[in-house]
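Understanding the architecture of this molecule
Below are the chains, spelled out letter by letter.
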Amino acid sequence: MPPSAPRDVVRPGLRTLVPPVRSPSLVALSPLAVVLLGHLVARAATAVDPGWAWVPVALVYWGAAAAITLAVTTPAQRRSWFAPASPRPRWVVPVAVALGVMPVAGILLLHLDLVAAHPALVAPWLVFAAINPVVEEAYWRGTVADATAHWPLWAAALWSTALFVASHPLMWGVFSVGNRSPMLYGALTLMGLAWFAMRRATGSLRWPVASHALVDVGNLSVFVFVNAYVPPGLG
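All of the points below concern the structure found in this document. (Residues numbered from 1 in each chain as written. Predicted model: local features only at pLDDT ≥ 70, side-chain atom pairs only at ≥ 80, totals over all residues. Heavy atoms only, no water.)

Once that is clear, we can look at the environment of Ala42. Assignment of secondary structure puts Ala42 in helix H1 (residues 24-48). For Ala42, a relative accessible area of 0% corresponds to the buried category. Sequence spacing of Ala42 and Val57 is 15 residues, and the spatial spacing of their C-alpha atoms is 5.7 Å. Ignoring anything within four residues of it in the chain, the contact list for Ala42 reads Val57, Met171, Val174 and Phe175. (Helix = DSSP H or I, 4+ residues; strand = E, 2+ residues; numbered from the N terminus. Buried < 20%, exposed > 50% of the residue type's maximum accessible area, 1.4 Å probe, protein only. Contact = heavy atoms within 4.5 Å.)

What follows is the structure, encoded as structure tokens:
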């Protein structure tokens, strides 16, 4: 029997999700399989062409995450993720914008010459920044968060965030120097926890997706994948 529509229990400053996720324990473990699959694809693709290995990795990763999301959640549940955030604590918008602005100001605006020097990467970079935030937030802060909604809040936050952080060196880091940076792990931990908190506080993924999109633009994602941009100290 298909799961019913999601029910939300709202507390002051926190929305506890009661999810209609099929097999929540298996869904909670699914990132292990998704990341392993991405790692194997990354290794195989890097052996063929390390410069464009990120393309099959992205397609397989997005496909696996989307397939799991579509298989275990309902259309009503997914629509609720992208409904307007209500209630919305005052901290949500400033934090979402701040997380996105930091890489824009600290990386992108300081390396516009790099963007001009690699025009062939501009379209893939913008396409990646348009697709990746939607797929990742729907999976990590949507599907996985709903599957672990009955866990203690701290455990659910740490589980999804730890695996989200680990996915970067284990998949993208196979061919990308920048995705093996300890500084990156710290930034990803902060972002993952903040985006999880936004989802739990509002029930919506709108602000996590918007913030994530700014980050993927600001951090020159595809330029990092092909090692056209290598963060200082890693070159």
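Moving on from the coordinates now.
Another point: a nonpolar patch on the surface. There is a patch of nonpolar side chains on the surface, built from Trp154, Leu158 and Leu193 and spanning about 330 Å² of accessible area. The class for Leu158 is partly exposed, based on a relative accessible area of 47%. (Patch = residues over 30% accessible without salt bridge, like charges linked within 9 Å, V, L, I, M, F, W, Y side chains within 5 Å. Areas by Shrake-Rupley, 256 points an atom, 1.4 Å probe, with all protein chains shown as cover. Salt bridge = Lys/Arg side-chain N within 4 Å of Asp/Glu carboxyl O.)

Here we take up the side chain of His212. Note that His212 resides in helix H9 (residues 206-218). Not counting residues up to four positions away in its chain, the partners in contact with His212 are Asn132, Pro133, Glu136, Glu137, Arg141, Phe164 and Trp195.

Estimated volume of the largest pocket: approximately 770 Å³. Lining the largest pocket are 33 residues, and of these Pro103, Ile107, Leu184, Ala187 and Asn219 sit closest to its centre. Of all the elements in the fold, those that place two or more residues in the lining of the largest pocket are helix H4 (92-108), helix H6 (122-147), helix H7 (153-170), helix H8 (182-202), H9 and helix H10 (221-225). For the lining of the largest pocket, the element with the highest residue contribution is H8, accounting for seven residues. Of the residues in the lining of the largest pocket, the class split is 21 nonpolar, 10 polar and two charged. (1 Å grid on protein atoms, 1.4 Å probe; cavity = no way out; pocket = protein on both sides within 12 Å on 5 of 7 lines; lining within 4 Å. Points joined across faces, edges and corners; volume = space filled by probe spheres on them. Nonpolar A, V, L, I, M, F, W, Y, C, P; charged D, E, K, R; others polar.)

Bringing H7 into the picture now. A rise of 1.5 Å per residue sets the reference length of H7, with its 18 residues, at 26 Å; its end C-alpha atoms lie 26 Å apart and thus fit the reference within 8%. Where H7 is concerned, the buried positions are Ala155, Ala156, Ala157, Ser160, Thr161, Leu163, Phe164, Val165, Ser167 and His168. Next to the buried residues of H7 lie H1, H6, H8 and H9. (Expected span 1.5 Å × (residues − 1).)

On to the side chain of Ser30. Mapping Ser30 onto the fold places it in helix H1. Note on Ser30: relative accessible area 10%, which makes it buried. Of note is the side chain of Ser30, whose polar atom sits 2.6 Å from the backbone oxygen of Val27. Non-local contacts of Ser30, meaning those with residues more than four positions away in its chain, are made with Ile68 and Tyr139. (Polar contact = N/O pair within 3.5 Å; in protein donor to acceptor, adjacent residues only side chain to side chain.)

Here we come to the pattern of salt bridges. The full count for this structure, using the stated rule, is two salt bridges. The residue Arg141 makes a salt bridge to Glu137 at a minimum N-O spacing of 2.7 Å. Of this pair, Arg141 and Glu137 both sit in helix H6, four residues apart, which is roughly one turn of the helix. On the accessibility criterion, Arg141 (0% relative accessible area) is buried. On the accessibility criterion, Glu137 (0% relative accessible area) is buried. Between Arg199 and Asp146 there is a salt bridge, and its shortest N-O distance comes to 3.0 Å. Of this pair, Arg199 sits in helix H8 while Asp146 sits in helix H6, placing them 53 residues apart in sequence. For Arg199, a relative accessible area of 2% translates into the label buried.

With 21 residues, H8 extends 31 Å from end C-alpha to end C-alpha; this agrees with the ideal 30 Å at 1.5 Å per step. All of the buried residues in H8 are Leu188, Met191, Gly192, Ala194, Trp195, Phe196, Met198, Arg199, Arg200, Ala201 and Thr202. The backbone nitrogen of Met183 lies 3.2 Å from a side-chain oxygen of the residue at the head of H8, namely Ser181. Looking one or two places after H8, you find Gly203, whose phi comes out positive at around 80°.

Another point: unusual backbone geometry. For Leu220, which is not glycine, the phi dihedral falls at a positive 55°. With respect to the secondary-structure elements, Leu220 resides in the loop between H9 and H10. Under the relative-accessibility criterion, Leu220 is labelled buried at 0%.

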